[in-house]
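For reference, the chains in residue letters:
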Amino acid sequence: MSDPVIMWFRQDLRISDNPALSAAAEGGRPVLAIFVCNDDLADTEAPGGASRWWLHHSLRALDQSLRSIGSQLLLRRGATVDVLLAVAAETGARSIHFTRGYEPHTKTLEQR
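**Here's the deal with the overall build of the protein chain**
Phase 1: In terms of helices and strands, the protein chain carries four helices and four strands.
Phase 2: A globule of 112 residues ought to have a C-alpha radius of gyration of about 13 Å, and the protein chain, at 14 Å, matches this closely.
Phase 3: Reported as C-alpha extents along the three principal axes, the dimensions of the protein chain are approximately 45 × 30 × 25 Å.
Phase 4: Here the protein chain holds 112 residues, and 30% of them are scored as buried.
Phase 5: Here the contacts in the protein chain between residues at least 6 apart in sequence split such that 78% fall between residues at least 24 apart.
Phase 6: Carbon together with sulfur atoms contributes 52% to the accessible area of the protein chain, which is approximately 7,100 Å² in total.
Phase 7: Of the side-chain charges in the protein chain, 12 are positive and 13 negative, and the distance between the mean point of each set is 2 Å.

**A few points about the pattern of salt bridges**
Phase 1: Here the structure, examined in full by the defined rule, presents five salt bridges.
Phase 2: Arg 14 is the partner of Asp 12 in a salt bridge, and the nearest nitrogen-oxygen pair spans 2.5 Å.
Phase 3: By relative accessible area, Asp 12 is classed as buried at 17%.
Phase 4: In this structure, Asp 17 engages Arg 14 in a salt bridge whose closest nitrogen and oxygen atoms are separated by 3.9 Å.
Phase 5: The network of salt bridges with shared partners includes Asp 12, Arg 14 and Asp 17.

**Topic: the confidence of the model for the protein chain**
Phase 1: On average, the protein chain scores 88 in pLDDT, and the residues at 70 or more come to 90%.
Phase 2: Highest mean pLDDT in the protein chain belongs to strand β1 (residues 5-9) (96); lowest belongs to helix α4 (residues 104-111) (71).

**Some thoughts on helix α3 (residues 80-91)**
Phase 1: With 12 residues, α3 extends 16 Å from end C-alpha to end C-alpha; this agrees with the ideal 16 Å at 1.5 Å per step.
Phase 2: By the burial criterion, the buried members of α3 are Thr 80, Val 81, Val 83, Leu 84, Val 87 and Ala 88. Along α3, the residues classed as buried sweep out an arc of 165 degrees about the axis, all on the same side. Within α3, the exposed residues directed more than 90 degrees away from the buried face are Asp 82, Leu 85, Ala 89 and Glu 90.
Phase 3: Taken from the residues just after α3, Gly 92 is the one with a positive phi, measuring 85 degrees.

**Observations regarding helix α2 (residues 49-68)**
Phase 1: Here α2 contains 20 residues, and its C-alpha end-to-end distance of 29 Å stays within 8% of the 28 Å for a straight helix at 1.5 Å per residue.
Phase 2: Looking only at α2, the buried set comprises Ser 58, Leu 59, Leu 62, Asp 63 and Leu 66. Down the axis of α2, the smallest arc covering the buried residues is 140 degrees, so these residues share one side. Looking at α2, the residues exposed on the side facing more than 90 degrees away from the buried face are Ala 50, Trp 53, Gln 64 and Ser 68.
Phase 3: Contact partners of the buried residues in α2: β1, β2 (31-38) and β3 (73-78).
Phase 4: The first or second residue beyond α2 is Gly 70, which carries a positive phi of 85 degrees.

Cut-off values and rules
- Note on numbering: residues in each chain are counted from 1, in written sequence order.
- Only residues with pLDDT of 70 or above have their local features reported here, since the model is predicted, and side-chain atom pairs are shown and tallied only from 80 upward, although totals for entire chains, interfaces and linings are computed over all residues.
- With hydrogens and water stripped out, all remaining heavy atoms of the structure feed into the side-chain values.
- In this text, helices come from DSSP runs of H or I with a minimum length of four residues, and strands from runs of E with a minimum of two, each type numbered from the N-terminal end.
- Both definitions apply: the radius of gyration is a C-alpha atom measure, and the globule rule equals 2.2 Å times residues to the power 0.38.
- Burial classification: accessible surface area is computed with a 1.4 Å probe over protein chains only, and a residue below 20% of its type maximum counts as buried, one above 50% as exposed, and the rest as partly exposed.
- We call two residues in contact whenever any of their non-hydrogen atoms come within 4.5 Å of each other.
- Surface exposure here means Shrake-Rupley accessible area, sampled with a 1.4 Å probe, where a residue is shielded only by the protein chains that are shown.
- Charge counting treats Lys and Arg as positive and Asp and Glu as negative, with His and both chain ends excluded.
- For the purpose of locating charges, the reference atoms are NZ of Lys, CZ of Arg, CG of Asp and CD of Glu.
- When a carboxyl oxygen of Asp or Glu is within 4 Å of a side-chain nitrogen of Lys or Arg, the pair counts as a salt bridge.
- pLDDT is defined as a per-residue confidence score from the predictor, taking values between 0 and 100.
- The span you would expect from a helix comes to 1.5 Å times its residue count less one.
- Think of the arc as the fan of directions from the helix axis to the C-beta atoms.

See the structure below:
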């Protein structure tokens with residue numbers, strides 16, 4: 001079996017009309033969907049209770065959508081870059097797809 005491609009979900013938690021997911025699936029390799037509970041955020045940027053409630057239910061819906069097409073969502077917690085590198089090493093993945101972010105901390109994270 002060929003090496004998987006990582007699809008890193010962040011704020012765009014949908015499978016329909018998702019350009020990054022489409023690009024990840026384009027090559028025909030297995031797609032590993034992942035969401036990282038980000039420990040990189042400063043306390044002032046961490047989500048509040050309502051945001052965490054929304055995220056919980058959105059991730060549950062995303063996982064159900066992925067399961068309907070024969071996949072599932074992998075949830076990990078930690079420093080994002082470290083988590084993504086560890087998953088890539090564990091699975092043999094050589095590429096990561098994601099939708100672009102526009103917040104300053106997101107741009108820095110993408111560059112890393």
